[in-house]
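Okay, here's what each chain looks like letter by letter:
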Amino acid sequence: MAYLMSLFLFGFVVGMVGVASNPAPYFAALGLVLSAGFGCGVMLSCGGSFLSLVLFLVYLGGMLVVFAYSAALAAEPYPTSWGDRSVVGYVVVYLGGVVLVGLGLLEGWYDITWITVDEMKEFMVLRGDVAGVALMYSLGGEMLVVCAWALLLALFVVLELTRGLSRGALRAV
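This is a predicted model, so every value here is computed, not measured.

Caption draft 1: Structural detail: the overall build of the protein. Counting secondary structure elements, the protein contains six helices and zero strands. Each helix (α) and strand (β) of the protein, taken in turn from the N terminus, gives the series α-α-α-α-α-α. For the protein, the residues scored as buried account for 23% of the 173 residues in total. Restricting the contact set of the protein to residue pairs at least 6 apart, pairs at least 24 apart contribute 73%.

Structure follows, in structure tokens:
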């Protein structure tokens with residue numbers, strides 16, 4: 001199970017580097033899908049099957065639609081790919097930063113953090129994510145409002161970034 005968790009974490013980091021290097025909106029959307037999928041895999045192996053499903057449906061269903069809409073408005077005739085020299089430089093810098101931070105935090109890493117829900121099933125009365133679902137619905141109202149405002153802010157940021165020189169995001173298509 002630890003190998004599967006390592007694969008999920010590695011895929012999540014590679015997907016986030018793909019989003020951060022941002023060669024073009026199309027490739028950044030692919031990195032976003034990869035990182036969301038592998039992040040759901042990490043949550044699933046830690047026991048959050050319901051939260052993993054909610055993350056995958058809400059995040060990819062809501063934010064990816066906005067991202068695809070803004071990418072359609074910023075259609076580039078020749079988008080830069082991951083093989084471009086400047087993008088490879090960004091990828092090397094970001095992966096180097098991840099390695100340096102990982103080496104800096106290596107001393108505080110313990111084996112207890114790799115215990116997943118499936119390895120402790122003999123000692124549990126309830127499923128791993130039952131308490132999290134109840135807590136999310138009972139005390140999560142304020143966080144829902146904060147997340148809605150953050151998504152609205154992200155929408156305006158993406159629309160402003162894709163505005164261009166004289167053509168705005170609200171141009172006639």
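Caption draft 2: The UniProt feature "signal peptide" (unreviewed entry) in the protein, seen in detail. What UniProt calls "signal peptide" (unreviewed entry) maps, in this numbering, to residues 1-15. Along residues 1-15 one finds 93% helix and 0% strand; the C-alpha atoms at either end are 21 Å apart.

Caption draft 3: Just the environment of Leu 64, in detail. Here Leu 64 is to be found in helix H3 (residues 49-73). When the C-alpha positions of Leu 64 and Ala 29 are compared, they lie 7.3 Å apart, and in sequence the two are 35 residues distant. The residues contacting Leu 64, other than those within four sequence positions of it, are Ala 29, Leu 32, Val 33 and Tyr 59.

Caption draft 4: Looking closely at the packing of helix H1 (residues 2-21) against helix H4 (residues 85-104). For the pair H1 and H4, interaxial distance at closest approach is 9 Å and the crossing angle is 135°. Taken together, the axis directions place H1 and H4 in an arrangement best described as oblique. Regarding H1 and H4, the two cross each other, and that crossing is right-handed. Across the interface between the two elements, Val 13, Val 17, Ala 20 and Ser 21 of H1 pack against Val 87, Tyr 90, Val 91, Tyr 94, Leu 95 and Val 98 of H4. Taken together, the residues that form the contact of H1 with H4 break down as nine nonpolar, one polar and no charged.

Caption draft 5: Quick peek at the side chain of Ser 35. You can see Ser 35 is positioned in helix H2 (residues 25-45). The contact partners of Ser 35, leaving out residues within four places of it in the chain, are Phe 12, Gly 15 and Met 16.

Caption draft 6: Up close: H1. For H1, with 20 residues, the first-to-last C-alpha span of 28 Å sits near the 28 Å given by 1.5 Å per residue. Of the positions making up H1, those classed as buried are Met 5, Phe 8, Gly 11, Gly 15, Val 17, Gly 18 and Ser 21. Buried positions along H1 lie against H2 and H4. In the segment just after H1, Asn 22 is the residue with positive phi, at about 45°.

Caption draft 7: Representation of the packing of H1 against H2 in the model. As a packed pair, H1 and H2 sit with axes 7 Å apart at the nearest point and diverge in direction by 155°. With respect to H2, the element H1 is oriented roughly antiparallel. At the point where H1 passes H2, the crossing takes the left-handed sense. Contact residues: H1 offers Met 5, Leu 7, Phe 8, Leu 9, Gly 11, Phe 12, Gly 15, Met 16, Gly 18 and Val 19, while H2 offers Ala 28, Gly 31, Leu 32, Leu 34, Ser 35, Phe 38, Gly 39, Gly 41, Val 42 and Ser 45. Of the residues that constitute the contact of H1 with H2, the class distribution is twelve nonpolar, eight polar and no charged.

What counts, and where the lines are drawn
Residues numbered from 1 in each chain as written. Predicted model: local features only at pLDDT ≥ 70, side-chain atom pairs only at ≥ 80, totals over all residues. Heavy atoms only, no water. Helix = DSSP H or I, 4+ residues; strand = E, 2+ residues; numbered from the N terminus. Buried < 20%, exposed > 50% of the residue type's maximum accessible area, 1.4 Å probe, protein only. Contact = heavy atoms within 4.5 Å. UniProt positions renumbered as here; feature names shortened; annotations may be inferred. Axes fitted to C-alpha atoms, helices over the stretch in contact; angles between N-to-C directions. Parallel < 35°, antiparallel > 145°, perpendicular 65-115°, else oblique. Left-handed = near helix turned anticlockwise from the far one by under 90°. Nonpolar A, V, L, I, M, F, W, Y, C, P; charged D, E, K, R; others polar. Expected span 1.5 Å × (residues − 1).

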